[in-house]
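Coordinate analysis (summary)
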Amino acid sequence: MDNPTCPRTGRHRMFMDIENVAGEALPSPWRLEKVKRELRTIVEDFDSAPQVVASNHRAMKTIAFHFPDALLRQRSGPDGADDALLEEMADLRVMARYDRITLCSGDGKFAEAIAQLGGMGIETTVVSVEGRLSKRLAIAAHHVRLMAPLRGGALTEPFGGAA
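Attention in this report is confined to the structure presented alongside it. (Residues numbered from 1 in each chain as written. Predicted model: local features only at pLDDT ≥ 70, side-chain atom pairs only at ≥ 80, totals over all residues. Heavy atoms only, no water.)

A few points about the overall build of the protein chain
Let me state the cut-off plainly: Each helix is a run of DSSP H or I of at least 4 residues and each strand a run of E of at least 2, with the numbering of both proceeding from the N terminus. For every residue, the accessible area obtained with a 1.4 Å probe (protein chains only) is divided by the maximum for its type, and the residue is called buried under 20%, exposed over 50%, and partly exposed between those limits. By definition in these notes, contact holds between two residues if any of their heavy atoms fall within 4.5 Å. All accessible-area figures derive from a Shrake-Rupley calculation using a 1.4 Å probe, and residue coverage is judged against the displayed protein chains alone.
Broken down by element type, the protein chain carries seven helices and six strands. Listed by position from the N terminus, the elements making up the protein chain come as β-α-α-β-α-β-α-α-β-α-β-α-β. For the protein chain, the proportion of its 163 residues judged to be buried stands at 48%. Counting only contacts in the protein chain whose residues sit at least 6 apart along the sequence, the fraction spanning at least 24 positions is 63%. On the protein chain, roughly 8400 Å² of surface is accessible, and the fraction owed to carbon and sulfur atoms is 53%.

Description of the packing of aromatic side chains
Defined as follows: We call Phe, Tyr and Trp rings a pair once their centres come within 6.5 Å, taking the six-membered ring for Trp, and we label the pair stacked below 30 degrees between planes, edge-to-face above 60, and tilted otherwise. Counted as over-ring charges are cases with an Arg CZ or a Lys NZ within 6 Å of the ring centre that also lie within 35 degrees of the ring normal.
In this structure the tally under the stated criterion is zero aromatic pairs. Seen from the ring of Tyr98, Arg11 lies directly overhead, with NZ or CZ sitting 4.8 Å from the centre. Sitting above the plane of the Phe67 ring, Lys36 keeps its charged end 5.2 Å from the centroid.

Looking at the environment of Ile101
Looking at the secondary structure, you find Ile101 in strand E4 (residues 100–104). For the pair Ile101 and Ala49, spaced 52 residues apart in sequence, the C-alpha to C-alpha distance is 9.4 Å. Among all residues touching Ile101, those that are not within four sequence positions of it are His12, Arg13, Phe15, Met89, Met95, Ile114, Leu117, Ile122, Glu123, Thr124 and Thr125.

Focus: the nonpolar core
Applicable threshold: Here, the term nonpolar core denotes a set of buried Ala, Val, Leu, Ile, Met, Phe, Trp, Tyr and Cys residues that are joined through side-chain atoms within 4.5 Å.
Among the nonpolar cores identified, the biggest contains 25 residues, and Phe15, Leu85, Met89, Ile101, Leu103, Phe110 and Ile114 are the most heavily contacted of them. Sort the elements by how many residues they give to this core and helix H4 (residues 80–89) lands first, with five residues. In terms of nonpolar packing, the next biggest core, distinct from the first, is built from 22 residues, Met16, Val43, Ala49 and Val53 among them.

As for the pairing of strand E5 (residues 123–129)
Note the threshold: DSSP bridges decide pairing: two strands pair if at least two such bridges lie between them. The handedness rule is simple: strands pointing away from the viewer, and a clockwise path from the first strand over the helix to the second, make the crossover right-handed.
For E5, the tally of buried residues reaches seven of seven residues, placing the bulk of the element in the interior. Taking every second residue as pointing to the same face, both faces of E5 are buried, with Glu123, Thr125, Val127 and Val129 on one and Thr124, Val126 and Ser128 on the other. Pairing of E4 with E5, which is carried by five bridges, proceeds in the parallel orientation. Bridging across to E5, Leu103 finds its partner in Val126. With respect to chirality, the unit in which E4 leads through helix H6 (residues 111–119) into the neighbouring parallel E5 is right-handed. In terms of handedness, the path from E5 via helix H7 (residues 135–140) over to strand E6 (residues 143–147) forms a crossover that is right-handed.

Structure below.
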């Protein structure tokens, strides 16, 4: 699944199904910050890579505040965020400009797109939550990174985790 000797160079773009990695359709500000902290430990250029973040329309204001520099895509419905990201990934003229992409989701719906991008010579990494990664998606990606499931919520973290 993962080759630690694989070089990390070239242009990189991130795609985030934020509902999937946050584990909620309407993630709280606390949860979004926790996701960002975790992703920063997994994706070495998290803050400098162009990001596309997708969610449903009801969560978008909160997400826009926490991802102010990201390209935001909203679509509602059971697979709305997935469909919005797949639409972005389908523009192969744009995708060909990148050497690497990172998808933050575990949904098997992305397996074909990830395999296609990998077939174009783009290095693909999938970041998912432990226990929520589709086998098809894991097989399609060059690299897989797993996040621990987020625990608790704002009420269980006193003052942002500071004791």
